Amino acid sequence: MTALFDTPMRARLAGLAICLAVIAVFAGANAHLVAVSFASQPDCVLSPTMEGAAFRAAKPAC
């Protein structure tokens, strides 16, 4: 039975494939976080330029 990484070329290709998979998972997770952050923006927020407005939660139920 032969070893899986019996040549340096196979070991290099396996290492490259693992690195690409890690990068793809990292990029996918970050893309998901960005998509969720844009999708969950609150609808009603007081403008700080309005008279008597203060920074607070967008909806009282928050």
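One can find the structure itself at the top, above this paragraph.
Here the structure is a predicted model, which means the values were calculated and not measured. (Residues numbered from 1 in each chain as written. Predicted model: local features only at pLDDT ≥ 70, side-chain atom pairs only at ≥ 80, totals over all residues. Heavy atoms only, no water.)

(A) A look at the overall build of the protein. Within the protein, the regular secondary structure consists of one helix and zero strands. Going through the 62 residues of the protein one by one, you find that 3% of them count as buried. Counting only carbon and sulfur atoms, one obtains 71% of the accessible surface of the protein, whose full area is about 5700 Å². (Helix = DSSP H or I, 4+ residues; strand = E, 2+ residues; numbered from the N terminus. Buried < 20%, exposed > 50% of the residue type's maximum accessible area, 1.4 Å probe, protein only. Areas by Shrake-Rupley, 256 points an atom, 1.4 Å probe, with all protein chains shown as cover.)

(B) Structural detail: a nonpolar patch on the surface. Together, Met9, Leu13, Leu16, Leu20 and Ile23 make up an exposed nonpolar region whose accessible area comes to about 520 Å². If you trace the backbone, Leu13 turns up in helix 1 (residues 8-39). (Patch = residues over 30% accessible without salt bridge, like charges linked within 9 Å, V, L, I, M, F, W, Y side chains within 5 Å. Salt bridge = Lys/Arg side-chain N within 4 Å of Asp/Glu carboxyl O.)

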